[in-house]
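Chain by chain, the residues run as shown.
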Amino acid sequence: MSKINQRDGSVFRVDKFVVPAEARDEILGKVRMTHALLRQQEGFVQDFLLEQFSGPGEFNIVTMVEWESQAAVDKVVPIVKAAHERIAFNPQETIDRLGVKADIANYQRVPEL
């Protein structure tokens, strides 16, 4: 694995979704809105919004955000929560209402040998 552009201590937030076709536009709109906020936060490194176009995989929408550290993640969680509350957006309610399946977790790089 190349060391180019690798940061020690990076944390990767990876959200994987099974999104029904009729829910696609609403989910992508909410994701884009949230990522616009994330890009403005201290410790943000990069993000990706991916949509499956081939293959047998279960998840058809995947997002990834790289943060400089766990401390950066810890700072942004309440900021995002407050922003969502201001606009009366409840992510879990939206996921449930639209029949979306979500797998959400934080990851770190596997150390090289």
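Please refer to the structure placed before this passage.
Source: prediction; values computed, not measured. (Residues numbered from 1 in each chain as written. Predicted model: local features only at pLDDT ≥ 70, side-chain atom pairs only at ≥ 80, totals over all residues. Heavy atoms only, no water.)

**Student:** Would you explain the overall build of the protein chain in this entry?
**Tutor:** Across its full length, the protein chain holds 3 helices and 4 strands. Projecting the C-alpha coordinates of the protein chain onto the three principal axes gives extents of approximately 45 × 40 × 15 Å. When the 113 residues of the protein chain are sorted by exposure, 31% land in the buried category. The long-range fraction of contacts in the protein chain, counting pairs at least 24 apart against all pairs at least 6 apart in sequence, stands at 77%. Accessible surface computed for the protein chain: about 7,600 Å², of which carbon and sulfur atoms make up 55%. (Helix = DSSP H or I, 4+ residues; strand = E, 2+ residues; numbered from the N terminus. Buried < 20%, exposed > 50% of the residue type's maximum accessible area, 1.4 Å probe, protein only. Contact = heavy atoms within 4.5 Å. Areas by Shrake-Rupley, 256 points an atom, 1.4 Å probe, with all protein chains shown as cover.)

**Student:** Explanation requested: the side chain of aspartate 47 in the structure shown.
**Tutor:** Along the polypeptide, aspartate 47 turns up in strand β2 (residues 44-51). Take aspartate 47: its relative accessible area is 16%, and that puts it in the buried class. Separated by 2.8 Å, the side chains of aspartate 47 and histidine 35 make a polar contact. A distance of 2.9 Å separates polar atoms of two side chains, one belonging to aspartate 47 and the other to arginine 39. In contact with aspartate 47, not counting residues within four places along its chain, are His35, Arg39, Met64 and Val65. (Polar contact = N/O pair within 3.5 Å; in protein donor to acceptor, adjacent residues only side chain to side chain.)

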